[in-house]
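A closer look at the structure
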Amino acid sequence: LIPMAARVRHHAIFLRRGPFMRTALYPGTFDPITKGHIDIIKRACTLVDRLVIGVAINRDKSPLFTLEERVAMVEAEAVFWSDRTGTEIVVYPFENLLIDCARDVGAQMIVRGLRAVADFEYEYQMVGMNRILDDQIETVFLMAEAQHQAIASKLVKEIARLGGDVSSFVTPPVDAALRNRFGH
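What you are looking at is a predicted structure, and each value in this text was computed from that prediction instead of being measured.

Re the nonpolar core
By size, the foremost hydrophobic cluster in this structure holds 32 residues, and its most contacted members are Ile-33, Ile-41, Leu-51, Ile-53, Ile-89 and Leu-178. For this core, the elements supplying multiple residues, two or more each, are strand E2 (23-28), helix H2 (35-44), strand E3 (50-56), helix H3 (67-85), strand E4 (88-94), strand E5 (109-114), helix H6 (153-161) and helix H7 (172-182). Ranked by residue count, the leading element in this core is H3, at six residues. Aside from chain neighbours lying at most four places away, what touches Leu-51 is Ala-24, Tyr-26, Ile-41, Ala-44, Cys-45, Thr-87, Glu-88, Ile-89 and Val-90. One finds Ile-99, Cys-101, Ala-107 and Ile-110 within the second-largest nonpolar core, a separate group that totals 14 residues.

Printed below as a string of structure tokens:
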């Protein structure tokens, strides 16, 4: 049995490549991680042996939280699901092409969460491009549970900035981080 803290790895990938090791990459900015993201993580863990949560460094976005803060928040949530499901979870910051990141971590699939039709239209285009870049890496779409479909990090940040209650959308540690960031 792998100790709980060892199941979630920070920054370093120690890949055990094997013929039966199913590895998926779940990418996002996670600014902040929400209950919708956690729902996708939980369900992705049932599909794979190793889930790499890729925390994107996106120069086009101005994240509220630093990369280090976002990684720490994701790690804190991932420990619970790694322990509960037995899936090895690796938290991995990345800045390169998604398909290159998937190759770097040995992922056979990319997991994407869908909330609405608008998500699908964007994701459909991305899948087409990724299949041209590497047709050996599949994309798997997971629909968020109904109670999480409206959750978007952008809206969570806006509600928190204006002093609203975001406890229905994020876990208590993330709620505290948002309140602290906005001085509430």
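Here we look at the environment of Val-79
Locating Val-79 in the fold gives a position in helix H3. For the pair Val-79 and Ile-89, spaced ten residues apart in sequence, the C-alpha to C-alpha distance is 7.7 Å.

Some points on the environment of Glu-69
Tracing the backbone shows Glu-69 in helix H3. Judged by its relative accessible area of 28%, Glu-69 is partly exposed.

Observations concerning the pattern of salt bridges
According to the stated counting rule, one finds 14 salt bridges in the structure shown. A salt bridge links Lys-42 to Asp-39; its shortest N-O distance comes to 3.8 Å. You can see Lys-42 and its partner Asp-39 sitting in helix H2, three residues apart, about one turn around the helix. Judged by its relative accessible area of 30%, Lys-42 is partly exposed. Glu-69 is the salt-bridge partner of Arg-181, the closest N and O atoms lying 2.6 Å from each other. Here the residue Arg-181 occupies a position in helix H7, and Glu-69 occupies one in helix H3, the gap between them amounting to 112 residues. Look at the salt bridges and you will find they share partners, linking Asp-39, Lys-42, Arg-43 and Glu-145 into a network.

Cut-offs applied
- Residues numbered from 1 in each chain as written.
- Predicted model: local features only at pLDDT ≥ 70, side-chain atom pairs only at ≥ 80, totals over all residues.
- Heavy atoms only, no water.
- Core = buried A, V, L, I, M, F, W, Y, C linked by side-chain atoms within 4.5 Å.
- Buried < 20%, exposed > 50% of the residue type's maximum accessible area, 1.4 Å probe, protein only.
- Helix = DSSP H or I, 4+ residues; strand = E, 2+ residues; numbered from the N terminus.
- Contact = heavy atoms within 4.5 Å.
- Salt bridge = Lys/Arg side-chain N within 4 Å of Asp/Glu carboxyl O.

Purely geometric stuff here, so don't read any function into it on its own.
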